[in-house]
Amino acid sequence: MINITTNVKPSSHIRRRQTLALVLLVVCGVINYLDRATLAVANEYIRADLGLSLGQMGLLLSAFSWSYALCQLPVGALVDRIGPRWLLGIGLVVWSVAQAAGGLASTFGWFVIARIALGIGEAPQFPSAARVVSNWFPVRARGTPTGIFNSASPLGVALAPLCLPPLIAATSWHWAFFATGAMGLVAAVVWLVLYRDPVHQKMSEEERAYLEVEASRDAAPKAASTSWLALFRYRTTWGMMLGFFGSVYLNWVYLTWLPGYLRTERHMEFAHVGIAAAIPFMCGFAGALVAGWASDRVAQGAASPLLGRRNAVVVSTLGMVAFTIPAALVDSNVVAVACISIVIFLANASSACAWSLATVAAPPSRIASLGALQNFGGFLGGALAPVLMGYIAQSWSFVPALLTGAGIAFLGAMSYRYLVVRPIPEL
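The shown structure was predicted, so the numbers you read here are calculated from the model rather than taken from an experiment. (Residues numbered from 1 in each chain as written. Predicted model: local features only at pLDDT ≥ 70, side-chain atom pairs only at ≥ 80, totals over all residues. Heavy atoms only, no water.)

## Points about the overall build of the protein
In terms of helices and strands, the protein carries 16 helices and zero strands. Scaling as 2.2 N^0.38, a compact globule of 427 residues should have a C-alpha radius of gyration of about 22 Å, and the protein matches this with 20 Å. Dimensions of the protein, computed from C-alpha atoms along their principal axes, come out at roughly 60 × 40 × 35 Å. Counting every position in the protein, which comprises 427 residues, the buried fraction comes to 60%. Accessible surface, the protein as shown: approximately 15,300 Å² in total, 68% of it carbon and sulfur. (Helix = DSSP H or I, 4+ residues; strand = E, 2+ residues; numbered from the N terminus. Rg over C-alpha atoms; globule rule 2.2 N^0.38 Å. Buried < 20%, exposed > 50% of the residue type's maximum accessible area, 1.4 Å probe, protein only. Areas by Shrake-Rupley, 256 points an atom, 1.4 Å probe, with all protein chains shown as cover.)

Shown next as structure tokens:
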């Protein structure tokens with residue numbers, strides 16, 4: 001059960017709904033990232049089968065992120081208007097079909113189209129999750145559940161190099177896409193059957209007080225008459241977009257290229273790469289959970305929830321920068337993997353804190369919208385990372401490619417620090 005300390009305690013009914021919502025979000029999130037990571041795990045097989053260069057593989061790895069990033073612009077507003085249940089359910093179906101279609105791709109062009117469709121389908125996942133947390137948890141108790149749903153990201157990436165290589169070895173890389181696509185279709189049915197948003201008419205006064213104690217709003221507010229585009233008037237929005245660009249860029253350098261980097265640059269045996277690539281992302285799983293819990297503690301003692309959660313993002317992102325530099329430069333594979341593990345731990349801590357920041361920086365009616373705009377900025381970085389990483393590695397080596405990522409992440413941390421200074425008022 002979820003046990004969050006607030007002035008008003010949740011009833012057993014609320015706790016059950018919170019727990020169910022988080023379990024469903026984690027399951028969907030794990031499948032989401034298994035689907036994203038399948039291409040990275042099967043990198044060598046697909047390159048050999050389709051005859052792709054490192055640069056072309058970088059383009060293929062980034063195709064998902066471009067459509068995913070662009071779809072963040074409308075999807076946040078749609079989640080705020082329609083609700084997370086139907087948006088995420090439809091998204092699960094679309095992305096699962098697209099994932100399975102990737103297994104049928106026989107040319108570079110068709111594979112790109114499948115990855116673009118995957119990005120469109122996966123776009124509602126995290127804005128929906130942010131909306132679910134804001135619906136079921138009060139303001140100062142959102143860090144822990146945000147960390148829990150964010151932990152699905154590194155968990156899915158960690159499971160991919162452990163679970164998919166045996167399937168690929170026994171069959172072919174195509175079946176890795178078919179199997180993960182089928183899992184998503186099952187999850188879509190389970191989500192739509194089990195998840196519900198709060199319905200205040202069916203709640204007691206105490207339950208309504210718990211959910212509204214700090215938010216003072218309905219859990220599923222009517223969409224504001226002002227367009228979500230008005231969020232662009234505030235420097236907080238720009239700080240969150242630019243800051244997440246830097247953090248996600250460096251995270252996606254590892255997410256999309258880590259298995260290939262370990263094989264190509266550090267000459268690890270394929271049998272060892274799966275374990276070596278999984279360790280950092282298991283650390284990332286822990287990072288998301290620890291950061292969610294810690295950000296609640298910091299927010300409760302900070303001058304404001306916004307400043308507490310923003311500072312946690314800044315510190316985590318600067319830590320990513322600090323440990324990427326030795327990861328790029330050391331000769332020892334063991335030390336490099338250890339440094340990368342710390343980077344991924346901090347990357348997922350930063351992501352969890354960034355999503356919890358969105359729930360306190362946004363006006364109550366635009367939480368999913370602001371979270372989606374931050375994610376849009378982040379996945380512009382996520383789209384650029386595999387392309388730039390591939391071409392720098394092809395032209396020089398992976399060392400300057402990693403150091404470039406560290407520099408971009410540093411600029412992102414500074415954007416959070418100096419642009420995100422106050423919450424956005426109701427539009």
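Having seen the structure, we can now continue with the description.
## Re the domain arrangement of the protein
Along its sequence, the protein is carved into domain 1 (13-211) and domain 2 (230-419). Contact residues are listed per partner, giving 54 residues for domain 1 and 54 residues for domain 2. Both sides of the domain 1 and domain 2 interface together cover about 4,400 Å² of buried area, and 69% of this is carbon and sulfur. Of all residues in domain 1, the largest losses of buried area upon contact with domain 2 belong to Leu54, Arg140 and Pro154, amounting jointly to 14% of the total for that side. At the boundary of domain 1 and domain 2, one finds one salt bridge. Glutamate 44 is the partner of arginine 263 in a salt bridge, and the nearest nitrogen-oxygen pair spans 2.9 Å. Here domain 1 is connected to domain 2 by eight residue pairs in polar contact (both at pLDDT 80 or more). Counting residues per element, the ones that place at least two in the side of domain 1 that touches domain 2 are α1 (12-41), α2 (43-50), α3 (54-82), α6 (125-136), α7 (143-150) and α8 (152-170). Looking at which element gives the most residues to the side of domain 1 that touches domain 2, the answer is α3, with 20 residues. Residue composition of the side of domain 1 that touches domain 2, grouped by class: 31 nonpolar, 16 polar and seven charged. (Domains from an automatic or database assignment. Contact = heavy atoms within 4.5 Å. Buried area = accessible area lost by both parts, 1.4 Å probe. Salt bridge = Lys/Arg side-chain N within 4 Å of Asp/Glu carboxyl O. Polar contact = N/O pair within 3.5 Å; in protein donor to acceptor, adjacent residues only side chain to side chain. Nonpolar A, V, L, I, M, F, W, Y, C, P; charged D, E, K, R; others polar.)

## What about α6?
The end-to-end C-alpha distance of α6 is 17 Å, a good match for the 16 Å that 12 residues give at a rise of 1.5 Å each. The element α6 is extensively covered by neighbouring structure, given that 12 of its 12 residues are classed as buried. Taken residue by residue, α6 has Gln125, Phe126, Pro127, Ser128, Ala129, Ala130, Arg131, Val132, Val133, Ser134, Asn135 and Trp136 as its buried positions. (Expected span 1.5 Å × (residues − 1).)

## Some words on the packing of aromatic side chains
Per the stated rule, a full pass over the model turns up 16 aromatic pairs. Where phenylalanine 64 meets tryptophan 252, the ring centres are 5.8 Å apart and the plane angle is 5 degrees; that geometry is what we call stacked. Note that phenylalanine 64 is positioned in helix α3 and tryptophan 252 in helix α11 (residues 235-264), a separation of 188 residues in sequence. Of the two residues examined, phenylalanine 64 and tryptophan 252, each falls in the buried class. A ring pair is formed by tryptophan 257 and phenylalanine 398, whose centres lie 6.0 Å apart and whose planes are at 65 degrees; its orientation type is edge-to-face. With tryptophan 257 in helix α11 and phenylalanine 398 in helix α16 (residues 398-419), the pair connects residues that are 141 residues apart, well separated along the chain. Across the pair, phenylalanine 398 and tryptophan 257 agree in class, each one buried. These aromatic residues form a ring-pair network of at least three members: Tyr33, Phe126, Phe149 and Trp355. We note arginine 36 situated over the ring of tyrosine 68; from NZ or CZ to the ring centre the distance is 4.6 Å. Across the ring face of tyrosine 418, the terminal group of arginine 417 is positioned such that the distance to the ring centre comes to 4.9 Å. (Phe/Tyr/Trp six-rings, centres within 6.5 Å; stacked < 30°, edge-to-face > 60°. Lys NZ or Arg CZ within 6 Å of the ring centre and 35° of its normal.)

## Overview of the packing of α11 against helix α14 (residues 333-361)
Taken N-terminus to C-terminus, the directions of α11 and α14 make an angle of 150 degrees; their axes are 10 Å apart at the nearest point. Classed by the angle they form, the pair α11 and α14 counts as roughly antiparallel. Seen along the crossing, α11 lies across α14 with a hand that is left-handed. On α14, the residues touching Thr236, Met240, Phe244, Ser247, Asn251, Tyr254, Leu258, Tyr261 and Leu262 of α11 are Val337, Ile340, Val343, Ile344, Ala347, Ser350, Ser351, Ala354, Trp355, Leu357, Ala358 and Ala361. Residue classes in the contact of α11 with α14 are distributed as 16 nonpolar, five polar and no charged. (Axes fitted to C-alpha atoms, helices over the stretch in contact; angles between N-to-C directions. Parallel < 35°, antiparallel > 145°, perpendicular 65-115°, else oblique. Left-handed = near helix turned anticlockwise from the far one by under 90°.)

## Some words on the state of the cysteines
Cysteine pairs can be linked by a disulfide, which is a covalent bond between their two sulfur atoms. Tallied over the full model, the rule gives zero disulfides. For the unlinked cysteine cysteine 339, the closest cysteine sulfur is that of cysteine 283, found at 12 Å. (Disulfide = S-S within 2.5 Å.)

## Considering the pattern of salt bridges
Here the structure, examined in full by the defined rule, presents three salt bridges. Arginine 131 serves as the salt-bridge partner of aspartate 80, at 2.6 Å between the closest nitrogen and oxygen. You can see aspartate 80 sitting in helix α3 and its partner arginine 131 sitting in helix α6, a full 51 residues away along the chain. The pair aspartate 80 / arginine 131 is uniform in exposure class, with both members buried.

## Brief notes about the confidence of the model for the protein
Chain-level pLDDT for the protein is 87 on average; 92% of the residues reach the 70-or-more range. Per-element averaging of pLDDT across the protein places helix α10 (residues 205-212) at the bottom with 72 and α16 at the top with 97. Here residues 1-6 scores under 50 on pLDDT; set against residues more than four positions off or in separate chains, the count is 17 contacts. Contacts from residues 213-225, a stretch scored under 50 in pLDDT, to residues over four places away or in other chains number 32 contacts. (pLDDT = per-residue confidence, 0-100.)

## Describing a nonpolar patch on the surface
A surface patch of nonpolar side chains, about 610 Å² in accessible area, is lined by Leu78, Ile82, Trp86, Ile90, Val94, Ile116 and Ile120. When contributions to the nonpolar patch are tallied by element, the ones reaching two or more residues are α3, α4 (84-102) and α5 (108-122). In terms of residue count, the dominant contributor to the nonpolar patch is α4 (three residues). The topology assignment puts leucine 78 in helix α3. (Patch = residues over 30% accessible without salt bridge, like charges linked within 9 Å, V, L, I, M, F, W, Y side chains within 5 Å.)

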